[in-house]
Amino acid sequence: MKAIQRVAVLFAASTLFGQIPAGHPPLTSSQPPAPPAGVVRRAQPSGAAVPIRNLIDRHLFAKIQQNGVPHAALCTDEEFLRRLHLDLTGRPPEPAKITAFLADGSPDKRGKEIESILASPYLYKIQKTKTPFLDRWVYFFMDLFKIGTSQLRIGRNHFYDYLYLALLTEAPYDELVREMLTATARSNWVDAPSNFLLRHYVEDDSSPDRMNDEDSYDEIAIASTKYFLGIDLECVSCHDGRGHLEKINPYLATVRREQLWQQAAFFTQAKLRKPYLIDQEFSLLEKGKGAYDTKRSSVLRVPRYTADVTPRFLLTGEQPRPGEPWRQAYARMVTSHPRFAQAAVNLIWTELMGAGLEQGPYGAQSLHDELLAELGRDFSGNGFNLRRLIRTIVSSNAYQLSSAIPSTAKPGHDAYFAWRKVRRLPAETVADMILQATGTAGTIPVWRSDQTVQYVMQTRSHEDLRGADTAALKEFLVTFGQSNRDKGERDLAPSSAVAAEMMNGKFVRERSLIRKGGRLEQIQSRGSKSSAEEIVEELYLAFLSRRPDRREVSVATGVLAAGAEGLEDLAWALMNKAEFVYNR
């Protein structure tokens, strides 16, 4: 920025940048004039009673009361609106939405806002409905399943469309999983659900066009058990759990390596091949050998040993029924076991609440076993509806608690979800926030497609950011820990590189400048029609989803006195405020 000295003064006066220390104490709240009646602008004192809205509140607050754990009060309306939009859509609410929400004095406005975000009408539409909610959750599952172009090429786009339609039409989650586990295809570039299994192919070291069958079956078994049952078999794929995992995972300490092979054997009737030798186009047909060969050399792990490797479900020991296709048997066993619903609940809960309900590994006693079990029964009993599950969680007052940690809290109390867990936002969300707040979302071509999108969360994977126009954005995402869906995992850890990227990175610098059609240019073009105070409020709403307090207004209006340069400085400074990149 050109006016570094002026921004430094702004930092000192307004505390516009800082790191959240361990334990994430509450961020500074704004102190605006008194709001209309019925609008919650300040959290009540910690420990104030909150209404019980659903089964989540009934379980959590009973446990909190039983064990004398202090809890936060409900969050403010500003905090709720920003939190809800970031969690459900990956983008903050627009200033007009915030203003209208704060002015609404109706007691059920939070529920109405939840419904407005979840709504995705599609009947009698000329084009398929697209919403930020669908964008965000399809991206979530694409990230979870690690679907990218490096493994699948065009298959990636087909799988994306498949997931989008499934979430749009509220397809039951168990039905979706059965389709993926039992898919067949002469080409994964035509049949979308087959890409889930084919993503886990392993090439043989003898030839790049040949598959290592047993390694591929192992990878499919590991992935499906992890995603759909919440059990990670990666360690026992190389050695038995006994003598290795007792202090890490008591359940896996009882699992033998051959049990993974028995889980993998369900897929041996399938044949994964590259019949066309074209790029990453595969076939997946029921023409496999129907036997797991422990003598087959592995390109990933230590040699196998002779063992009973007939198909046998890990959790029950069940085998396929006579004449039942093995993959169909596996899909039936997975989706009918209580762990399936519980794993899905824990997955969505973790994404929305910042930590899982299972405090310990599967098989160990957990603080919230009863809640997880009841939520699992509720999920399965209501058609495995993901949208309903999300609604249940965000409608609870447990979700709507403030992030202000009570002064009497003790170590271990955070396990009770007695306050909001503050988290750094993922790379894609921060980038989209910058694009939306500055009004500078451009055009991102979807690779191997005639489609273009505006936001990162609308892309199919990181490979869409291929051109010079998106180079700065791509660098920003990598620095912020974006997953490459191949070998790298998402990284949300704080680092000096992240701080440097926000302060000096090309993407942030460019987006904080006055650009044609952007928010700053629109403000500048209004001239004297908007007062300095009105401009400050608009920018605070756009970047931080809240109104500034009197001190912030005083300092920021002084910065705006520098004209265009001051306007850019203020936008840059607001993006560098700690609360911008945290969800509280």
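Note: the structure precedes this text.
All figures in this text were calculated on a predicted structure; none of them were measured in a lab.

Peer 1: Explain the pattern of salt bridges to me, using residue names and the numbers behind them.
Peer 2: Counting across every chain of the model gives 46 salt bridges. Here E489 makes a salt bridge to K146, at a shortest N to O gap of 3.0 Å. Of this pair, E489 sits in the loop between α18 (471–479) and α19 (496–504) while K146 sits in the loop between α6 (132–144) and α7 (149–152), placing them 343 residues apart in sequence. Residue classification places K146 among the buried positions, given a relative accessible area of 14%. A salt bridge links R301 to E234; the shortest N-O distance between them is 3.2 Å. Of this pair, R301 sits in the loop between β4 (283–285) and α13 (326–336) while E234 is found in the loop between α11 (213–229) and α12 (257–264), placing the two residues 67 residues apart along the sequence. Overall, E234 belongs to the partly exposed group, its relative accessible area being 39%. In this structure, a network of salt bridges that share partners links the residues D204, D213, E214, R273, K289 and R296.

Peer 1: Mind laying out the environment of L465, listing which residues take part and the relevant values?
Peer 2: Counting through the fold element by element, L465 comes out in the loop between β7 (452–453) and α18. By relative accessible area, which is 3% here, L465 ends up buried. With 70 residues separating them along the chain, L465 and I535 place their C-alpha atoms 33 Å apart. Excluding residues that lie within four positions of it along the chain, L465 makes contacts with I444, T470, L473, K474 and L477.

Peer 1: Tell me about the packing of helix α3 (residues 77–89) against helix α4 (residues 95–103), and name the residues and values.
Peer 2: How two helices sit against one another is set out by the angle between their axes and by the gap between those axes. At a closest axis distance of 10 Å, the pairing of α3 and α4 adopts a crossing angle of 135°. What the angle tells us is that α3 and α4 run oblique. For α3 against α4, the interelement crossing comes out right-handed. For the pair α3 and α4, the contacting residues are D77, E78, F80, L81 and H85 in the first and K97, I98, F101 and L102 in the second. Residues belonging to the contact of α3 with α4 are distributed by class as follows: 5 nonpolar, 1 polar and 3 charged.

What counts and how
Residues numbered from 1 in each chain as written. Predicted model: local features only at pLDDT ≥ 70, side-chain atom pairs only at ≥ 80, totals over all residues. Heavy atoms only, no water. Salt bridge = Lys/Arg side-chain N within 4 Å of Asp/Glu carboxyl O. Helix = DSSP H or I, 4+ residues; strand = E, 2+ residues; numbered from the N terminus. Buried < 20%, exposed > 50% of the residue type's maximum accessible area, 1.4 Å probe, protein only. Contact = heavy atoms within 4.5 Å. Axes fitted to C-alpha atoms, helices over the stretch in contact; angles between N-to-C directions. Parallel < 35°, antiparallel > 145°, perpendicular 65-115°, else oblique. Left-handed = near helix turned anticlockwise from the far one by under 90°. Nonpolar A, V, L, I, M, F, W, Y, C, P; charged D, E, K, R; others polar.

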